[in-house]
Structure formats: C-alpha cells, structure tokens
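# Fold and geometry: a report
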Amino acid sequence: MEQLIFFHDHTMVVLILIVTFVGYIMFYLFFNFLVNRYLLESQEVEIIWTILPAIILIFIAFPSLRLLYLLDEINNPSITLKTIGHQWYWSYEYSDFLDLEFDSYMVGTADLSESGFRLLDVDNRVVLPMNSQVRMLVSAADVIHSWTVPALGMKADAIPGRLNQISFFINRPGLFFGQCSEICGANHSFMPIVVESVSVNSFLDWVSSCLKS
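Residues numbered from 1 in each chain as written. Predicted model: local features only at pLDDT ≥ 70, side-chain atom pairs only at ≥ 80, totals over all residues. Heavy atoms only, no water.

### A word on the UniProt feature "transmembrane region" (unreviewed entry) in the chain
Definition in use: UniProt positions are given in the numbering used here, feature names are shortened, and annotations may be inferred rather than shown by experiment. By the criteria applied, helices consist of DSSP H or I runs no shorter than four residues and strands consist of E runs no shorter than two, each listed in order from the N terminus.
According to UniProt, the feature "transmembrane region" (unreviewed entry) maps to residues 12–35 and 47–69 in the numbering used here. Helix makes up 79% of residues 12–35 and strand 0%, with an end-to-end C-alpha separation of 34 Å. Between the C-alpha atoms that bound residues 47–69 there is a distance of 33 Å. The span itself is 100% helix and 0% strand.

### Describing the domain arrangement of the chain
Note the cut-off: Note: domain ranges come from an automatic or database domain assignment. Any two residues whose heavy atoms approach within 4.5 Å at even a single point are treated as in contact. We define buried area as the total accessible area lost by two parts upon association, computed with a 1.4 Å probe and summed across both. Whenever Lys or Arg places a side-chain nitrogen within 4 Å of a carboxyl oxygen from Asp or Glu, that contact is recorded as a salt bridge. Under the convention adopted here, Pro, Cys and the residues Ala, Val, Leu, Ile, Met, Phe, Trp and Tyr are nonpolar, Asp, Glu, Lys and Arg are charged, and Gly plus all remaining residues are polar.
Entries for the chain in the domain assignment read domain 1 (1–72) and domain 2 (79–211). A straight line from the C-alpha centre of domain 1 to that of domain 2 covers 41 Å. On the domain 2 side, the residues contacting the four residues of domain 1 number eight residues. Across the interface of domain 1 and domain 2, roughly 370 Å² is buried in total on both sides, 40% from carbon and sulfur atoms. The interface formed by domain 1 and domain 2 includes one salt bridge. Of the charged contacts, one joins Glu-2 and Arg-172 as a salt bridge, the two residues approaching to 2.4 Å between their closest N and O atoms. Here the residues of the side of domain 1 that touches domain 2 sort into three nonpolar, no polar and one charged.

### Considerations on the environment of His-188
On the secondary structure map, His-188 appears in the loop between strand 9 (174–180) and strand 10 (192–198). For the pair His-188 and Trp-88, spaced 100 residues apart in sequence, the C-alpha separation works out to 6.7 Å. Excluding residues within four positions of it along the chain, His-188 makes contact with Trp-88, Cys-180, Ser-181, Glu-182 and Ile-183.

### Some remarks on helix 3 (residues 200–212)
Heads up, the rule is: To estimate the expected span of a helix, subtract one from its residue number and multiply by 1.5 Å. Between buried and exposed lies partly exposed: a residue is buried under 20% and exposed over 50% of the maximum accessible area for its type, with that area taken using a 1.4 Å probe on protein chains only. Starting at the helix axis, one direction is taken to each C-beta atom, and the arc is that of these directions.
Given a rise of 1.5 Å per residue, 13 residues ought to cover 18 Å, and the 18 Å separating the end C-alpha atoms of helix 3 matches this to within 8%. All of the buried residues in helix 3 are Phe-203, Trp-206 and Val-207. Down the axis of helix 3, the sector holding all buried residues measures 100°, keeping them to one side. Every exposed residue of helix 3 that faces more than 90 degrees away from the buried side is listed here: Asn-201, Asp-205 and Lys-212. Among the structural elements, strand 1 (79–86), strand 2 (89–94), strand 3 (101–104), strand 4 (126–129) and strand 10 are those in contact with the buried residues of helix 3.

### Focus on the packing of aromatic side chains
Operational definition: Two aromatic rings from Phe, Tyr or Trp, using only the six-membered ring of Trp, form a pair when their centres are within 6.5 Å; if the ring planes differ by under 30 degrees the pair is stacked, by over 60 it is edge-to-face, and anything between is tilted.
In the structure shown here, the tally under the stated rule is 12 aromatic pairs. Seen from their ring centres, Trp-147 and Phe-168 are 6.3 Å apart, and the 15° between their planes marks the pair as stacked. Of this pair, Trp-147 sits in strand 6 (residues 145–149) while Phe-168 sits in strand 8 (residues 164–169), and the two are 21 residues apart along the sequence. Joined through ring pairs, the aromatic side chains of Tyr-92, Tyr-94, Phe-97, Phe-102, Phe-203 and Trp-206 make up one cluster.

Okay, here's the thing in structure tokens:
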C-alpha cells in the first residue's frame, strides 16, 4: 500500500505540472493578441509537442508497470493462508500447519467490548507474522465474495470453483480492518476482516496455543 501511495503522489506531481503549464499558456493566449508568423507553421514545434507528452507518459508508465509486477510477484512466501468466503463469514486455513483452521464471524453489538469497533471486529482474527512474505489463496463456497483490506492495498475476488492468489508484506505490527467488498447477499455488510500483525515469535506462540487447544 505504501508503494501505491508513492505512485499516486508521483502521478499527481506530474499532473499538477502539466495543468499549471497548460493553464499558464491558455491564460497568456487570452490576453496576448500578438501573432508570431514563424510559429504559425513550424515542424520543430510540432515535433516538440509530440515527443514531450510521450516522455511524460514514460515517466508515469515505468513506475506503474514496476508496481504492477510487484503486486503479482511471489518469491519464496514464508507462510500460506487459504481464505474461503461463506454466507456470511470467512474461513481461514493455515496450510503450513496441520489442523490449524477456524471460522471468523463478526462480533455482534451486544457482545462488543468497549474498545471494540462496531461492525468491524471479529471473534477470530487472522494472525500473521510481520516482515514475512504472505501468500494468500482466496476462494468461495457459495457466491462471489471479495476479500479486501484497504490498509494493505489488498483486494481479491473469492469465486466458487476458482482459486485466486495474492501476496503482501506487512512491515509493522497492528490491526488492519477490512470488509467483503462484493455485494454477496443480504448480510454482505456483516463480513468484516481483521488482520493482526505480530512478531514472528508471537506468531509461533499463537500457533502453538491453537494447536494445543
């Protein structure tokens, strides 16, 4: 998500420069009634205003392509998580560990703690180690869902009979909230997602406690 924000800022700087330059020329033309006979027909000027936009597009295209390949590239993932969407909850399976799977339901308002987030908290959070490459496999058991966590820049459609793959890297601890962003039925808005990023040691302790229980 940080890379997406950087690319957005980079593109906005380019657009601001273009709008400022074009606006200045238009403003100048409105109040300037002089005519330069050498600019009425000039091959050099046409070459410049054809090549210059192409160069500007290259400065936007290369960072965009780099980011596109970074989003799809998966190099030696440290952990694999399988996510299955149901009406209306999520199921998670940690493929690297035996018998480590659980369902994640939204916590109702009546059961919500004072520090909880209404319509966003779940009973079982997705615990993942930070500074580790995570590969996520996304599918659905009934209708089309969409596993979305905006703070991580992640959005993957969960389609029955199809296995989609995404990867992400969390570089800080904390909670990351998301929701199903596909209109999947009456309770579509009650499929929250909570990803809890912890250190590797805390993650292994959590795995051990889950396997023992």
